[in-house]
Amino acid sequence: METFVQAIATEPNRLAMMTWLIFAHLLLLGLRATDTTSDTWRRCTDLVPLDLLSFVLERDPSQLTAGGHMKQEEGVRGVHLSSPHASMSFPSSQLLVDCDLFPKEFSIVVTLKVTGFSPKRNEYIFSLMGPKRVKTKRVGTKEEKNNKEDVLERNAESSNSGGEQRGEREKKRRVKSEEEREQILLGLRFSKRRLHFLFRGHEGVVEHWRFRGAGLADNHWHTLVLGVGSQRVRLTVDCGKAQEIIPSRPFPSDLNIRGSKFNVGSRGRWKELYSGLLRQLVLVPGVDATHQICPSSNPQLAVLSVPPLLLHPPATELNERVSLGLERSCSEQLQGQMWFNPLRRGLYLCDGAEWVTVLEDHKRLDYVLEHQVLTTSSETHDVEVFHIAGMGLMAAMAHRSTSGSAVYLWSKTGFRLYQNISTYGALAWRHFSMGKKIFLVVSNSVGGPDKRKRSETDTSVIYKWSKRRKRFVRFQTLQTHCARDWEAFNIDQQTYLAVANHRQGDNNHTIDSVIYKWNKPTKSFEVHQMLPTSGAYDWEFFTVGPYHFLVVANAFDGVTTSVDSVIYVWVSGSFQVFQAIKTFCATDWEMFQIGNRVFLVVANGHRLNGNGPSQYAINSTIYELDMNGQVFVRFQDIVTYSAVDWEFFSLGEEYFMIVANSFNGESYSLNSILYRWQGYEGFVPVHWLPTIGCSDWEFFSSEGESYLIYSSAKAPLSKVFKLKTH
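Small disclaimer: the values here were computed from a predicted structure and weren't measured.

Each value, and the rule that gives it
- Residues numbered from 1 in each chain as written.
- Predicted model: local features only at pLDDT ≥ 70, side-chain atom pairs only at ≥ 80, totals over all residues.
- Heavy atoms only, no water.
- Helix = DSSP H or I, 4+ residues; strand = E, 2+ residues; numbered from the N terminus.
- Contact = heavy atoms within 4.5 Å.
- Areas by Shrake-Rupley, 256 points an atom, 1.4 Å probe, with all protein chains shown as cover.
- 1 Å grid on protein atoms, 1.4 Å probe; cavity = no way out; pocket = protein on both sides within 12 Å on 5 of 7 lines; lining within 4 Å.
- Points joined across faces, edges and corners; volume = space filled by probe spheres on them.
- Nonpolar A, V, L, I, M, F, W, Y, C, P; charged D, E, K, R; others polar.
- Core = buried A, V, L, I, M, F, W, Y, C linked by side-chain atoms within 4.5 Å.
- Buried < 20%, exposed > 50% of the residue type's maximum accessible area, 1.4 Å probe, protein only.
- Pairing = 2+ DSSP bridges.
- Disulfide = S-S within 2.5 Å.
- Salt bridge = Lys/Arg side-chain N within 4 Å of Asp/Glu carboxyl O.

(A) Main features of the overall build of the protein chain. For the protein chain, the count of helices and strands is 8 helices and 46 strands. Here the contacts in the protein chain between residues at least 6 apart in sequence split such that 52% fall between residues at least 24 apart. As presented, the protein chain carries roughly 35500 Å² of accessible surface, and 50% of it is formed by carbon and sulfur atoms.

Take a look at the structure:
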């Protein structure tokens, strides 16, 4: 009994001791859990690109989700958001599976079109919001200051000061702070002139990186890539030059995304809802996605992952929204409506303003007819076809004789003589314009009217079209050296001329060719850059995405025709070597595109090495641009006979090239061949056209009909062929 009483007496002490031991044990376990949790938070690794837009659109593949509808502008489909609907939001854990921390390096790829944008408005392209929290806090505390957007809201409100108003606002803010509030973890938004990237950084402070001059609010489609790395942030718009920020504090490596959700086109509320069109929204963890989509032949619409719903309309929609008839008007009310025209045998889609061709029974080349034999004053090295408003179609022919060249005017029956221009051994014409002013520049190969005076320098001339006189008049002279070609082009709203200087005197072929730039104050072209060339024969300028290229056809270095022709790329205001390609008396380059594929074809004249015999039947070669390797690679070889020109053109959905074969080693009378694109087979011959010393081909169209004209360097004639289609 005594023992039992003693036990009862000591029980409270033992219970207290046990309680303390249990508390200490739990405290240690809690500390251990707290210590290990930060080390065991799961990072997002080995992730593929995450298509946020497809994720919200493809919940029902047959139609768009609530809160958005499809619109088509400039022939391209996008999603327009009508409300911050719950269907445009989803938990981040559904895409970022088995991870608690946002990737510390990533890219965001967006294709959008900003329409009707208010200068004072900010709109979210997307946001990542943290879980809702219930917290009562006093105004001015550190926690409130950490929410940068709340601070901005408070500052905007406090600008209208006043005792009673300030007290009332403070009361409202306290009420607001007691409500559920979502924290922004990460977001991309834009204003009239800036793109803003926001994220919750160190100690919960919302960091704000701004990119100025993005130029998105211009009512056109744009594709941008925001690349976030450990040391720097890069913004690339339309595959152009990247803007770069080196922040004082990097993107956090411990951004906790537990319980967070993505909002597409908003931050989950009406305020700052995106009002434009979205076509592409992709999160790419771990890498800079710029190189995955650039360079691109269509940089404004460069594709990484576009929802299929925006590429092709659903079959049910086509069946329900196709009208039949010969004439239909397209209006905003009929946007998305399709129309089949039985006369044209075409299917068209209304984009709200005009009918866009979806399918059409295009013309197919049937055969080629001789349309006109044009007698010229002498042999002709080149023909340039161009159009002048109020006059019509014209052609300038570079005649070999020193008596002059001619400009012809087109009529239904053919070309007729319109104007004689004094030239001296003209080799080429080039038409170009600056604003509303029209010019022609000629390459003269003889120094001047007195042929007896030999000179190593020639005078090439720029002519300007006079609206009053309706004639070309002399405008400026430039010193050249047996110039074989002129090329006119524009870069950054500046006009340039490139001349291909072939040789100086009779033997010096390794000389400089010149790039001229238009000087507005002096109203003349001035030397901008000198480029070394070897018997230069032709220049070809072309653009791929934001990149500008200029390729020279080098023909002869004084010893051999086996020389490198060079492709230059425009970098920081001048051309630099991009790639060298071995050619054989290269006389012409022609750039063309088929779909998204970019090609260059060279006309090789002949093989000559020292005193050995010349080979005239040799391969001319088509090269294709390898977008990934950023280099032109051999695509197809075509046997030609002293080729001096290629001309590429299309009829409907068919693509053609014609070569100017000039000499086979024995005769100048031989066939020039028309080739048709056959897909994986490349170009195959389909028509053989008899020519005499063919020096140039030009394709042109007039009143719905298509034509080819060739010039002869060995006979005083040119011929026009009509292309019959069915």
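(B) View of the layout of surface pockets. Taken as a whole, the largest pocket spans an internal volume of roughly 1200 Å³. Every element with two or more residues in the lining of the largest pocket is listed here: β20 (380–388), β24 (426–434), β28 (483–491), β32 (536–544), β36 (586–594), β40 (643–651) and β44 (694–702). For the lining of the largest pocket, the element with the most residues is β36, which contributes 6 residues. Grouping the amino acids of the lining of the largest pocket by side-chain chemistry returns 21 nonpolar, 11 polar and 17 charged.

(C) How the structure looks around the nonpolar core. One finds F102, I108, L188, F197 and F251 to be the most contacted residues of the largest nonpolar core, which totals 50 residues. The contacts of F197, once residues within four sequence positions are left out, are F106, I108, L186, G187, L188, E207, H208, W209, L226, V228 and F251. Of all hydrophobic cores here, the second largest spans 20 residues; its members include A553, C585, V598 and Y623.

(D) How the structure looks around unusual backbone geometry. With an omega of -5°, the peptide bond between C294 and P295 qualifies as cis. Looking at where P295 falls in the secondary structure, it is placed in the loop between α6 (290–293) and α7 (308–311). Its identity is not glycine, yet C239 carries a phi of approximately 60°, on the positive side. You will see that C482, though not glycine, has its phi angle at about 45°, which is positive. Within the fold, C482 resides in the loop between β27 (471–480) and β28.

(E) Seen up close, the pairing of strand β25 (residues 437–444). Within β25, 7 of the 8 residues are buried, which leaves it mostly tucked inside the rest of the structure. Hairpin remark: β24 followed by β25, antiparallel, with 2 residues in the connecting loop; positive phi at G435, about 65°. By the bridge criterion, 4 bridges tie β25 to strand β26 (residues 458–466) in an arrangement that is antiparallel. Considered in β26, the bridge of L440 is made with Y463.

(F) Region of the structure containing the state of the cysteines. Applying the stated criterion across every chain yields a total of 1 disulfide. Sulfur-sulfur distance for the disulfide between C239 and C294 comes to 2.0 Å. Its S-S torsion of about -80° marks the bond between C239 and C294 as left-handed, since a negative value means left-handed. Remark: C294 occurs in the loop between α6 and α7 and C239 occurs in the loop between β11 (233–237) and β12 (243–245); sequence separation between them is 55 residues. Each member of the pair C239 and C294 is classed as buried.

(G) How the structure looks around the pattern of salt bridges. As enumerated under the stated definition, the model contains 16 salt bridges in all. Residue R258 pairs with D100 through a salt bridge whose shortest N-O separation is 3.4 Å. Residue R258 is found in the loop between β12 and β13 (261–264), and its partner D100 is found in the loop between β4 (89–91) and β5 (106–113); the two are separated by 158 residues along the sequence. For R249, the salt bridge is made with E207, and the minimal N-O distance between the two is 2.6 Å. Taken as a pair, R249 in the loop between β12 and β13 and E207 in strand β9 (residues 206–212) lie far apart in primary sequence, 42 residues in all. Its relative accessible area of 12% is what places E207 among the buried residues.

Keep in mind these values describe shape, not function.
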